[in-house]
There are 2 protein chains.
Amino acid sequence: MVTIEDVARRAGVSRQTVSNVINAPAKVREPTREKVDAAITALGYAPNAVARRLRTQRTSTIGVRLDAYSGGVSGVVLDRFVHALTEHAATRGLRVLLYAARTVDEELRHINELADGGEVDAIILTGTSRDDRRAERLRERDMPFAAFGRPWGTEDPAEASHPWVDIDGAAGTRAATAYLLGDAGPRVAFLGWPPDSETGDDRERGWREAMAAGSGDRAAPRISSEDGVAQAQGAIRTLLKDDAVDGIVCASDALAIGAHLAAVEAGRPGLRIVGFDNTAAAEALGISSVEQLPERVAAGLLDMLMGPEERRISHPPAPVGLLVEPQLIVR
Amino acid sequence: MVTIEDVARRAGVSRQTVSNVINAPAKVREPTREKVDAAITALGYAPNAVARRLRTQRTSTIGVRLDAYSGGVSGVVLDRFVHALTEHAATRGLRVLLYAARTVDEELRHINELADGGEVDAIILTGTSRDDRRAERLRERDMPFAAFGRPWGTEDPAEASHPWVDIDGAAGTRAATAYLLGDAGPRVAFLGWPPDSETGDDRERGWREAMAAGSGDRAAPRISSEDGVAQAQGAIRTLLKDDAVDGIVCASDALAIGAHLAAVEAGRPGLRIVGFDNTAAAEALGISSVEQLPERVAAGLLDMLMGPEERRISHPPAPVGLLVEPQLIVR
DNA sequence: AAATAAAATTTGATCGATCAAAAATTTTGG
DNA sequence: CCAAAATTTTTGATCGATCAAATTTTATTT
């Protein structure tokens, strides 16, 4: 292994000058820098990341939880998010360290380990809930963090207690509903999950608002189903027997696929349906869907952790919230 | 931050004794150990991972590439693999560091960086090809690695040049074909990609072998389509016009979904179709599929890198190959 | 050209742990 | 009970870099 000492010896300068060439080239005179650069390339030197971390007390690493694989249609959004985060982090000189956890307690243990061991400079939370214990723990431990998911309850971006970015689900279903109202007809139904899930209620709200604001038929039903193709198919099968609907806005692609299958079954393959998440399955079946743009979320979170141009993590990051407007993909 | 020195002072012993309590408790006398343990819990001490890495020259971290998000039906296998790897790695005291790359050259750069900076102890390659440049580079650099994917060309597990684990695609299609021969009829067609992709040819071989070995109809066709729902749908639409087939074994779920749609369209919703990868989309549509079990691949790769019970990476790991038999999921 | 200011470079200390060898203690055996 | 062996504990060096302060060199001013 080539060390900074080797380079210094070869270039006939001191360690620190080599260090300066790498970290603060402006401090070094041109001819000196050239000598050092020549030595660096001749020896193939690269700074040892571990030694640097020990000295600077910065790991340039952020931790991200990988959820237990759900097996369902969803989960893809998170995968795309992790991918985008990794790419964006790289351009800012950060690395992404994974940890897997199936439960909150398991995740809390991991958070402790990462913090105790000084392994990461910041943590990205996903899927935050009201009074999130992880957020609490991270605050206690004084570990910078940002969340993919709004702090339900206090959603005013101006008075956030920590940085967060979330998809504006209501905006997504609003756009979907407006599209169907214009393109299909006034009787646009909503197929959602049973009430009281925060994400679900948010998406329902968008439909309600668009129906009220536009030319929506007040009588258009709100149907409830667990998140699964078969369950949704059953629910919509029943619906299509009696009700005359022009289109269905769904809270997820799994629901949309079920609705689509029920429509085909009922001899109405042209019934307009819009899903949510824009998964490969919806794409494969040609179902329109609301695309979450997890890449924007990833970029937004890093901006918050670091400031838009910085290359180091703010401590603590400014507590602001950002809602990303999703995009309707029409098929 | 609590250091080993703080603990030593509080317990009234030396640094090294504290270190021994943590890393080699057998070397420490019982009463001493108790004192130290008490101090550790009182102060909430945890060893600094970065300092330890610098001294031991081991990072206990493995690097894994995250592919560019493909957007298609596939990709999920890799995500599940990364997840399983993270979980298994954790139980062996390893961390998983991600890097994103879109091209081979980009990946080679990342490999160099990770090796130069001493960031990882080993790298996991995915999607290996014949004469893989990454494998070559890693060998040159003396970085331990293992691959998800066989070294096409020399597939005899006994004479591998590096450790690898792969899914036995032929075994998967063999099982799928045998199942359809028994359950549907002798005319089992194969819907695959254009020839000369290694994975594709492997999967086709399984079908051929099972057809020859079982009661397969020699005349059953082998149809070719690019990997996409629409393309496959078109190909099978044509097929179903003339040919009478009892079932179709497909090289991917995307193809299977296309075939399924064509079958429904042709008024044969009961036509037996088997896909490959067992994606959420296939599950949602109730299409049988071959499940790759990426969890086993992850476990197998770590066993190879570390030995089945060890907690440190062998250098170099023994070059052996392992084919994991996939599992047919009947729906 | 000397005095002063500014810039460039070097030196010594440090980050927090483990390794290797030395010193202190306990155990064993005659 | 003492010497030798075995065990336990401590000390000093080190991993490879950066920080802070000291020193040297160059540039500016009078």
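Residues numbered from 1 in each chain as written. Chains lettered and ligands numbered in written order. Predicted model: local features only at pLDDT ≥ 70, side-chain atom pairs only at ≥ 80, totals over all residues. Heavy atoms only, no water.

Novice: Quick question: what am I supposed to make of the protein's contact with DNA strand C here?
Specialist: In the vicinity of DNA strand C there are 28 residues, among which T32 of chain A together with I4, Q16, S19 and N23 of chain B approach most closely. Here DNA strand C approaches the protein such that, of its atoms within 4 Å, sugar and phosphate make up 59%. Residue Q16 of chain B places a side-chain N or O atom 2.4 Å away from a base nitrogen belonging to DNA strand C. In terms of residue count, the dominant contributor to the surface near DNA strand C is helix α4 (residues 49-56) of chain B (five residues). In the surface near DNA strand C, the residues fall into 10 nonpolar, 11 polar and seven charged. (Near = heavy atom within 4 Å. Polar contact = N/O pair within 3.5 Å; in protein donor to acceptor, adjacent residues only side chain to side chain. Helix = DSSP H or I, 4+ residues; strand = E, 2+ residues; numbered from the N terminus. Nonpolar A, V, L, I, M, F, W, Y, C, P; charged D, E, K, R; others polar.)

Novice: Whenever I open this one, the protein's contact with DNA strand D confuses me. Can you help?
Specialist: Near DNA strand D, the surroundings consist of 28 residues, among which I4, Q16, S19 and N23 of chain A together with T32 of chain B are the closest. Each atom of DNA strand D within 4 Å of the protein was classed as base or backbone; sugar and phosphate made up 57%. A distance of 3.1 Å is found between a phosphate oxygen of DNA strand D and a backbone nitrogen or oxygen belonging to R29 of chain B. A per-element tally of the surface near DNA strand D places helix α4 (residues 49-56) of chain A first, with five residues. In terms of residue class, the surface near DNA strand D is built from 10 nonpolar, 11 polar and seven charged.

Novice: Any chance you could explain the nonpolar core here in plain terms?
Specialist: As a rule of thumb, nonpolar side chains are buried together in soluble globular proteins. Counting residues in hydrophobic clusters, the biggest one holds 80 residues, and the most contacted among them are I248 of chain A together with I248 of chain B. Residues within four places of I248 of chain B in sequence aside, it is in contact with L180, A189, L191, I236, L239, A259, L271, R272, I273 and V274 of chain B. If you look at the next biggest cluster of nonpolar residues, it comprises 56 residues, including V82 of chain A together with V77, L78 and A146 of chain B. (Core = buried A, V, L, I, M, F, W, Y, C linked by side-chain atoms within 4.5 Å. Buried < 20%, exposed > 50% of the residue type's maximum accessible area, 1.4 Å probe, protein only. Contact = heavy atoms within 4.5 Å.)

Novice: How do you make sense of the side chain of T128 of chain A when you look at a structure like this?
Specialist: Residues and elements named next belong to chain A. One can find T128 in the loop between β3 (122-126) and α7 (133-141). According to the relative accessible area criterion, T128 is buried, its value standing at 8%. Contacts of T128, omitting those with residues within four sequence positions, involve R134, A147, F148, G149, R150 and W152.

Novice: What's the story with the sheet that holds strand β1 (residues 61-67) of chain A in this structure? I'm lost.
Specialist: Hydrogen bonds between backbone groups are what pair the strands of a sheet, and the pairing can be parallel or antiparallel. Taken in spatial order, the 12 strands make up an open sheet running β11(A)-β5(A)-β4(A)-β3(A)-β1(A)-β2(A)-β2(B)-β1(B)-β3(B)-β4(B)-β5(B)-β11(B), and their pairing is mixed. Each end of this open sheet is capped by a strand with a single partner; those strands are β11 (321-324) of chain A together with β11 (321-324) of chain B. Across the sheet, the mean angle separating the axes of adjacent strands is 25 degrees when strand polarity is ignored. In this fold helix α6 (residues 104-116) of chain A packs onto β1, β2 (95-101) and β3 of chain A together with β2 (95-101) of chain B, with an angle of close to 145 degrees to the strand it touches most, β2 of chain A. (Pairing = 2+ DSSP bridges. Axes fitted to C-alpha atoms, helices over the stretch in contact; angles between N-to-C directions.)

Novice: Please clarify how the domain arrangement of chain A should be interpreted in this entry.
Specialist: Many analyses report the size of an interface as the accessible area lost when the parts associate. When its domains are assigned, chain A resolves into domain 1 (4-47), domain 2 (61-167 + 294-324) and domain 3 (169-291). The C-alpha-based centres of domain 1 of chain A and domain 2 of chain A are spaced at 37 Å. (Domains from an automatic or database assignment.)

Novice: Even after reading the chapter, I still don't get the interface of chain B and chain A, so can you show me in this structure?
Specialist: Taken residue by residue, the interface counts 46 residues in chain B and 46 residues in chain A. With both sides pooled, the region where chain B packs onto chain A buries about 4000 Å², and carbon together with sulfur makes up 63% of that total. On the surface where chain B and chain A come into contact, there are eight salt bridges. R53 of chain B is paired through a salt bridge with E119 of chain A; the nearest N and O atoms lie 2.5 Å apart. Looking at the side of chain B that touches chain A, the elements that each hand over two or more residues are α4, β1 (61-67), α5 (76-91), β2, α6 (104-116), α11 (253-265) and α12 (280-285) of chain B. It is α5 of chain B that contributes the most residues to the side of chain B that touches chain A, seven residues altogether. (Buried area = accessible area lost by both parts, 1.4 Å probe. Salt bridge = Lys/Arg side-chain N within 4 Å of Asp/Glu carboxyl O.)

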